[in-house]
Amino acid sequence: MTVTTTLATPDTPSAYPISLAAVEKLTEATKENTSCPEGEEDTYITISHLTSVAPSGWITHVHPRGAVYWTNPSHRVVVDDDIRVPAILQKATDFCAQCSQLDLSEGMEAHMIGAMDASFCLFVNHKQCAAGYDLANIRTKAIRNMPMGALLRARRLYWNYVNYHPSHRPCPRQGFDDAIDALRSYYHEHLNVGMRCFAPFAKAECEELLRVLHSAKNDERDLPSAIAMVGWVLKDVYSFRSADKYGQVTRDEHKSYRDSIWQAPELTREPSALTRLAVRCLIHGPFFGIPQTYLEHVKSASEFRGHLAGLKQSWETYTLQLVREYSDFILIATVLLSATVGLLTINDIGEACRVAAMLSAFAALGSMAIGVFFVWRHQRNTRTASSFSYLHNARNNALGLSGHALLLSLPPVLLVWSIVGFTAATLAYAMQGASRASTWVVLGLFVVLLALIMAGLYTFSTIWHWQSQESWWTLFSWKGMRKRDRGHLGASAA
């Protein structure tokens, strides 16, 4: 007797008979197809678990930024090249065979570079956080006898390796501590010496990285992204330490070394002696020494001390200061031009008064026009990338940085000449048609006011520099001008 049952679907209301034995076979087949090995049915499947992305014996790992690499745990080999290509897989297999004869101890790996053999590869010691191209020098006993410079290089190679291969091993326990300690020391150095700090990370970068690393150390230390970040930080830390003679010199020797680095080599094309003499005469003659201030500004803005954040801050300070000064000069020149035009509207002014007033008006117009153009150009080019071409061209023009300072000082210099012309026009108009006694009174008052103004200008142009006990008239000699120039440059370097 055949027992029948009925199978129906929602789409087909009709039914058809099927034997009970067939139903049992169908049920067993369904269970076989949907069953998983014991203990793995609840495992979260990642790319490393996919059997189609790696050959047998290899495991695929994904960098947090998306690149893949492969490991062979049985031979302790790491490969970056695409072993899914048969030719590269054969090279990787040969590499594994060579590494199996090297007796790699626990915690060591061999990184195949450029599909080459074991004669040129990177050996990694995870227990000592060191890496190198000579296996004998990377073993723990050999590391104890390493020179300090070689150890710093081995650590730099190791953390660079971790930066690009963070997904197959946990971060060494001392990695987070080393990174936090280094960043904290750089932060303290920024607080102590400010812009003279040579640290590879800026102050704001140290603050942000310390906050992220503290959080990752407590809660996320096994995440590949956190391990890659630690590798990136320590790679730069040990690279900087190698260049900074870390752990190799005494305190006095290290201070002398830092001071020698701070005195950056002069890369400016040196103008000829005649050109330097002409520029110096212009600066201390018709330009009233004003370009010296702008020379200090452009020198301080062009100093690069190891990281772009410091250069970015210097450049932004430089451009904002120029824009603010030029805006003030434009406002003063506008007011002065209005007063000069008002003086020219008087019908009975003399020829001398008219000429002086016209020269004052032209100088004020020049100060306004150049100032507006300078403000426009400096405001539109505040990016750090623009600073490189700006500073390069400023240093390598025909007159050097001093010539560039002459051009930067044109708005205030023309404004000063406008004030001089307006003063001469006012004095000429005051003396026009006056009696002999009135003329002497006006001249006397003018001389007294001029003496007070010159005393104030001289005092507050030199009060921010250390003054010697020399007589005041020596400051206007050639020797005094050269000494004052050296003082300006020394102050800008400090």
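Just above sits the structure.
Residues numbered from 1 in each chain as written. Predicted model: local features only at pLDDT ≥ 70, side-chain atom pairs only at ≥ 80, totals over all residues. Heavy atoms only, no water.

Positionally, Asn125 belongs in strand β7 (residues 121–125). Ignoring any residue separated from it by four or fewer positions in sequence, one finds Asn125 in contact with Gly107, Met108, Ala130, Ile138, Arg139, Thr140, Ile143 and Tyr158. (Helix = DSSP H or I, 4+ residues; strand = E, 2+ residues; numbered from the N terminus. Contact = heavy atoms within 4.5 Å.)

We now examine the packing of aromatic side chains. Tallied over the entire structure, the rule returns 12 aromatic pairs. Each ring, one from Phe288 and one from Trp417, has its centre 5.2 Å from the other, and the planes form 45°; the classification is tilted. One end of the pair, Phe288, is in the loop between α10 (273–284) and α11 (291–301); the other, Trp417, is in helix α16 (residues 410–431), and 129 residues separate them in sequence. Taking relative accessible area as the criterion, Trp417 reaches 40% and is therefore assigned partly exposed. (Phe/Tyr/Trp six-rings, centres within 6.5 Å; stacked < 30°, edge-to-face > 60°. Buried < 20%, exposed > 50% of the residue type's maximum accessible area, 1.4 Å probe, protein only.)

A separate point is unusual backbone geometry. Positive phi, normally seen in glycine, also occurs at Arg76, with a value near 55°. Structurally, Arg76 is set in the loop between β4 (68–72) and β5 (77–79). Here Lys245, not a glycine, exhibits a phi torsion of approximately 60°, which is positive. Within the fold, Lys245 resides in the loop between α8 (224–243) and α9 (251–262).

Ordered in space as β3-β4-β5-β6-β7-β8, the six strands form an open sheet in which the pairing is mixed. Where the open sheet ends on each side, the last strands, each with one partner, are β3 (59–62) and β8 (130–132). Along the sheet, successive strands turn relative to each other by an average axial angle of 25°, direction set aside. Where β3 lies against β4, four bridges are found, and the strand directions are antiparallel. Note on β4: the bridge partner recorded for Val62 is Val68. (Pairing = 2+ DSSP bridges. Axes fitted to C-alpha atoms, helices over the stretch in contact; angles between N-to-C directions.)

Okay, the pairing of strand β6 (residues 108–112) next. Burial within β6 is extensive, with five of its five residues counted as buried. The two faces of β6 match: Met108, Ala110 and Met112 on one face and Glu109 and His111 on the other face are all buried. As defined by bridge partners, β5 adjoins β6 across three bridges and the pair is classed as parallel. When the bridges of β6 are listed, Val78 appears paired with His111. As a crossover connection, the stretch from β5 through helix α2 (residues 86–99) into β6 is left-handed. Bridge count between β6 and β7: five bridges; the pairing is antiparallel. Within the sheet, the bridge partner assigned to Glu109 lies in β7 and is Val124. (Right-handed = clockwise from strand over helix to strand, strands pointing away.)

Evaluation of the coordinates by the stated rule reveals six salt bridges. Residue Asp82 is joined to Arg84 by a salt bridge in which the shortest nitrogen-to-oxygen separation is 2.8 Å. In this structure, Glu189 and Arg258 form a salt bridge, with 2.8 Å as the shortest nitrogen-oxygen distance. Of this pair, Glu189 sits in helix α6 (residues 173–193) while Arg258 is found in helix α9, placing the two residues 69 residues apart along the sequence. Across the pair, exposure class does not vary: Glu189 and Arg258 are buried alike. (Salt bridge = Lys/Arg side-chain N within 4 Å of Asp/Glu carboxyl O.)

Turning next to the pairing of β4. Among the five residues in β4, four count as buried, and that is most of the element. A loop of five residues connects β3 with β4, the two strands running antiparallel in sequence, and Gly66 in this loop sits at a positive phi of about 115°. Both β4 and β5 contribute to a ladder of three bridges, which runs antiparallel. Across the sheet, the residue bridging to Asn72 is Val77, located in β5. Between the end of β4 and the start of β5, which pair antiparallel, lie four residues, with Arg76 showing a positive phi angle near 55°.

All right, on to the nonpolar core then. Counting 37 residues, the largest nonpolar core has Trp159, Leu183, Tyr186, Phe201 and Leu213 as the members making the most contacts within it. At the level of secondary structure, the elements contributing two or more residues to this core comprise β7, α5 (148–164), α6, α7 (203–219) and α8. In terms of residues, this core owes the most to one element, α8, which gives nine residues. Setting aside residues no more than four positions away along its own chain, Tyr186 makes contact with Cys197, Ala199, Pro200, Phe201, Cys206, Val237, Phe240 and Arg241. Counting 31 residues, the second largest nonpolar core, distinct from the first, contains Ala361, Met368, Leu408 and Leu415. (Core = buried A, V, L, I, M, F, W, Y, C linked by side-chain atoms within 4.5 Å.)

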